[in-house]
Number of protein chains: 2
Amino acid sequence: MALADAIRGTSERRAGAAVLAALRERFGERLATGEDVRRAHGHTTTYLPNQMPDAVVFAETEADVQTLVRLCAAHDVPIVPFGTGSSLEGQVNAPEGGVSLDLSRMDRVLAVHPEDLDCVVEPGVTREALNAHLRDTGLFFPIDPGANASLGGMAATRASGTNAVRYGTMRDNVIGLTAVMADGSLVRTARRAKKTSAGYDLTRLLVGAEGTLGIITSLNLKLYGIPETVLSGVCAFETVKGACDAVIQTVQAGIPVARIELLDPLAIRAANMHSALGLPEAPHLFVELHGSAGSVAEQAEFFAAITAENGGGAFEGSTLTEERARLWKARHSFYWAGMLLRPGARAVATDVCVPVSRLSDCIADTLDDIGRCGMIAPIVGHVGDGNFHVQMMVDVESPAEIEMAEAFIARLNGRALAMDGTCTGEHGIGQGKRSFLQAELGEAVSVMRTIKTAFDPQNILNPGKILP
Amino acid sequence: MALADAIRGTSERRAGAAVLAALRERFGERLATGEDVRRAHGHTTTYLPNQMPDAVVFAETEADVQTLVRLCAAHDVPIVPFGTGSSLEGQVNAPEGGVSLDLSRMDRVLAVHPEDLDCVVEPGVTREALNAHLRDTGLFFPIDPGANASLGGMAATRASGTNAVRYGTMRDNVIGLTAVMADGSLVRTARRAKKTSAGYDLTRLLVGAEGTLGIITSLNLKLYGIPETVLSGVCAFETVKGACDAVIQTVQAGIPVARIELLDPLAIRAANMHSALGLPEAPHLFVELHGSAGSVAEQAEFFAAITAENGGGAFEGSTLTEERARLWKARHSFYWAGMLLRPGARAVATDVCVPVSRLSDCIADTLDDIGRCGMIAPIVGHVGDGNFHVQMMVDVESPAEIEMAEAFIARLNGRALAMDGTCTGEHGIGQGKRSFLQAELGEAVSVMRTIKTAFDPQNILNPGKILP
């Protein structure tokens with residue numbers, strides 16, 4: 001397995017007896033070294049081999065994080081930040097050993113400022129927990145990668161998901177943050193003003209850095225008013241191209257769709273099996289519209305006209321909470337639904353993102369490729385952004401299948417790059433996409449390495465991630 | 001003048017005969033050393049003393065920029081990038097001497113991708129030139145700092161302006177860019193996909209870096225469809241607090257205002273003098289709404305209800321192009337209008353930005369402060385973002401007045417920081433706000449210095465800016 005070799009650490013920097021003793025003294029029962037706990041902190045939602053840390057520390061405060069970083073720095077031991085472990089490119093693996101820093105107990109909502117439409121949270125708060133906390137305020141946090149990820153992890157991987165077409169990604173929704181740097185210092189990147197031109201944008205530098213430049217210890221996030229009216233619905237198309245063209249025209253027309261998701265026929269089959277949607281096995285768009293009652297009605301009418309022009313069936317939407325929830329639960333369960341297509345196989349989820357004008361070509365070529373391989377690999381996508389996922393169902397015990405999957409991923413990335421796209425719209429680089437990052441950005445990767453070396457000369461913060 | 005001392009360079013690194021000869025050989029007539037040209041490239045729209053470069057080079061290609069950077073690096077001579085010279089915090093001054101790099105001749109629109117709603121431009125293209133170029137496409141670029149600035153300069157200073165409340169700032173509207181780094185290498189920060197999670201966000205790091213980390217040589221910018229309906233109008237209020245409260249409620253209600261600008265009574269007087277608006281000398285909001293006809297009508301109705309609740313007069317808007325243009329021309333001419341309030345004085349424009357909930361308090365305290373000083377200093381603001389400007393009319397020949405203005409700016413910044421705001425919403429740090437950056441972000445400034453040192457160890461890229 002070429003990939004297993006590729007993700008091997010460049011050095012062994014195990015947490016030895018001395019640092020473990022120091023950690024035990026400082027953290028007591030909050031240091032865990034049992035194999036089950038360690039394995040659970042290696043990567044779980046990918047086919048990359050699990051690379052266990054030597055120990056897990058459960059932090060409860062910023063001071064805990066600072067202490068841990070200083071101790072690990074003193075002993076030259078890596079630190080791998082961990083939220084909920086739902087990342088997809090090996091971000092929480094420990095290729096060189098070291099300590100997994102579990103931030104899930106830092107789960108307090110520190111402040112909500114309804115007048116300013118923002119809040120301050122610790123990194124272990126999950127997106128669902130935040131929205132539950134906000135329930136009585138009339139506000140919500142829209143970024144929704146599917147999994148109930150931690151907000152710290154979402155920021156660290158620059159997550160986005162179904163709502164990004166309207167509300168942006170984590171890049172756009174973190175006003176500022178605090179982070180512990182490799183020397184243990186605590187930095188606050190921005191005040192609470194909605195905009196600023198005060199110096200280098202450290203917020204955006206740490207968002208998406210996957211814990212390799214600093215460890216996020218709190219986040220100041222934008223919030224939005226819950227729309228007066230929400231309408232969700234589906235629309236079947238004769239062809240994937242028809243669906244993609246409808247998406248392009250929708251975006252160009254400035255219809256402020258909140259969600260616009262493509263599911264290919266195989267994805268519909270899986271969703272039908274898992275969630276009993278009873279949809280015809282044709283390409284579909286799942287759509288959500290937000291706004292006032294009048295605005296949503298106008299959007300729906302405009303969208304229906306566009307779909308009709310592109311071989312789409314009737315667009316039937318519902319504003320009923322229950323029906324909407326059922327639809328999006330089916331979409332969010334897709335990772336599990338896909339597995340029903342080939343029981344016993346593992347889901348290998350990968351994503352690329354291209355300019356919207358190239359989306360239809362990119363998906364068509366990818367479907368051909370899947371067909372040639374004879375793979376079972378449904379496609380779903382946040383197509384308003386030009387971002388789509390291929391979920392390959394792979395027997396990970398079969399070296400031949402792994403090899404085929406790796407070759408497929410390489411072709412998919414080459415295809416996206418040839419269309420001036422990116423090797424990852426939202427999964428991040430982690431371990432799995434480092435070589436593609438080099439192909440995508442070339443000289444810019446040297447600049448990234450300059451930053452990494454300047455910030456973390458010992459390379460103790462999540463080593464083996466992002467940089468090839 | 002304390003500030004004049006504060007902006008003095010830490011070293012003299014003049015462009016001597018050797019580098020000038022090399023530049024002459026390479027650039028011929030595109031190297032200028034006459035005093036008038038050099039003075040015009042020192043800072044012109046601020047009260048900071050003009051610090052002339054030793055020479056000006058007019059670049060026409062990326063290769064020119066690379067050559068210049070390599071030559072200057074070899075001779076340890078500073079480079080100060082120059083767009084149109086409309087920045088307000090001394091960004092184009094040359095405190096240590098060196099070469100001003102004039103990018104205004106790199107003014108080609110390299111590509112427009114209507115289906116993807118983006119374009120690629122050279123840094124010397126101005127925002128007005130871009131919008132003129134786009135005229136037949138039905139698309140526009142919304143970011144509008146008032147001055148007809150260059151897009152490279154706007155990116156470098158993270159400009160925003162009147163439309164930012166709806167369309168974001170330059171931070172949000174640059175998809176990717178190319179830049180020449182301090183070693184002369186050319187870096188492309190991102191592909192053309194709408195979103196990406198591929199590695200460190202170098203785009204956002206260079207946006208707002210004021211040319212201190214790299215020199216922007218092209219920009220991939222987001223575009224937007226020209227809205228079907230645009231309505232502009234004004235609304236008078238009894239009090240500034242009433243106007244601010246109306247703004248808060250408008251933002252909270254999620255009305256997607258495209259512009260919402262406050263002018264205090266003195267600002268209205270100036271605008272009346274300059275543009276014959278004939279408005280009563282009361283606090284006003286200037287508002288613009290974008291959308292479909294139905295959506296704009298709905299927004300206008302909702303906004304009028306909010307203003308009525310907050311002591312506002314009738315909100316009367318117009319969709320006529322001519323009337324709208326007249327209103328926004330008056331707003332954009334404000335820098336010049338303010339000067340009519342005190343003929344012979346210089347305008348010292350400064351800005352801060354606070355959480356919207358604190359805006360009313362911050363402006364009220366600032367008006368009290370202005371009154372106590374006996375200054376003539378109208379206030380205008382992009383209040384939907386919590387961002388406002390004070391334009392002090394100062395006799396710059398009077399040390400006492402300069403001292404008073406500097407003390408006032410210090411108090412204004414202290415007030416904004418005490419409210420968890422920023423010392424600059426959109427003017428940048430440049431030379432003028434370096435001490436406030438330290439007060440605002442503390443330890444984070446050390447991290448910025450780490451980046452600067454790693455990127456530009458010789459400190460040849462726009463030295464004396466941003467970092468205290």
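Residues numbered from 1 in each chain as written. Chains lettered and ligands numbered in written order. Predicted model: local features only at pLDDT ≥ 70, side-chain atom pairs only at ≥ 80, totals over all residues. Heavy atoms only, no water.

Looking up chain A in an unreviewed UniProt entry gives the name FAD-binding protein, with the organism given as Antarcticirhabdus aurantiaca.

**As for the nonpolar core**
Counting 189 residues, the largest nonpolar core has A:Leu285 and B:Leu285 as the members making the most contacts within it. Among residues more than four places away in sequence, those in contact with A:Leu285 are A:Gly233, A:Val234, A:Cys235, A:Phe237, A:Ala243, A:Ala246, A:Val247, A:Ile260, A:Glu261, A:Leu262, A:Phe303 and A:Val383. (Core = buried A, V, L, I, M, F, W, Y, C linked by side-chain atoms within 4.5 Å. Buried < 20%, exposed > 50% of the residue type's maximum accessible area, 1.4 Å probe, protein only. Contact = heavy atoms within 4.5 Å.)

**Some thoughts on the interface of chain B and chain A**
Quoted interface sizes are often the accessible area lost when the parts come together. Listed per partner, the contact involves 82 residues of chain B and 82 residues of chain A. Summed over both partners, the interface of chain B with chain A comes to about 6,500 Å²; 54% of that surface belongs to carbon and sulfur atoms. When the buried area of chain B at its contact with chain A is split by residue, B:Arg191, B:Lys195 and B:Tyr200 rank highest and sum to 16% of it. Joining chain B to chain A, the criterion identifies 12 salt bridges. B:Arg188 is the salt-bridge partner of A:Asp420, the closest N and O atoms lying 3.0 Å from each other. Joining chain B to chain A, the criterion identifies 45 residue pairs in polar contact (both at pLDDT 80 or more). At the level of secondary structure, the elements contributing two or more residues to the side of chain B that touches chain A comprise helix 7 (164-167), helix 8 (170-173), strand 9 (186-188), helix 9 (202-206), helix 10 (240-252), helix 12 (293-309), helix 17 (434-441) and helix 18 (443-455) of chain B. A total of nine residues in the side of chain B that touches chain A trace back to one element, the largest contributor, which is helix 18 of chain B. (Buried area = accessible area lost by both parts, 1.4 Å probe. Salt bridge = Lys/Arg side-chain N within 4 Å of Asp/Glu carboxyl O. Polar contact = N/O pair within 3.5 Å; in protein donor to acceptor, adjacent residues only side chain to side chain. Helix = DSSP H or I, 4+ residues; strand = E, 2+ residues; numbered from the N terminus.)

**Regarding the sheet that holds strand 8 (residues 174-180) of chain A**
All names here are of chain A. Pairing within the open sheet is antiparallel, and its five strands lie in the order 5-6-10-8-9. Taken across any chain shown, the strands that pair with only one partner, and hence form the sheet edges, are strand 5 (109-113) and strand 9 (186-188). Between one strand axis and the next, the sheet turns by 10° as a mean value, whatever way the strands run. In the sheet, strand 8 pairs with strand 10 (residues 215-222) via six bridges, with the strands oriented antiparallel. Note on strand 10: the bridge partner recorded for Ala179 is Ile216. (Pairing = 2+ DSSP bridges. Axes fitted to C-alpha atoms, helices over the stretch in contact; angles between N-to-C directions.)

**Re the relation of the copies chain B and chain A**
Note on the identical chains: chain B maps onto chain A by a rotation of 180° and an axial translation of 0.0 Å, with an RMSD of 0.0 Å. Within this description, the copies of the chain are treated as partners about a two-fold rotation axis. Take the interface residues of chain B: 100% of them recur as interface residues in chain A, which is what a same-surface contact looks like. (Least-squares fit on C-alpha atoms with pLDDT ≥ 70 in both.)

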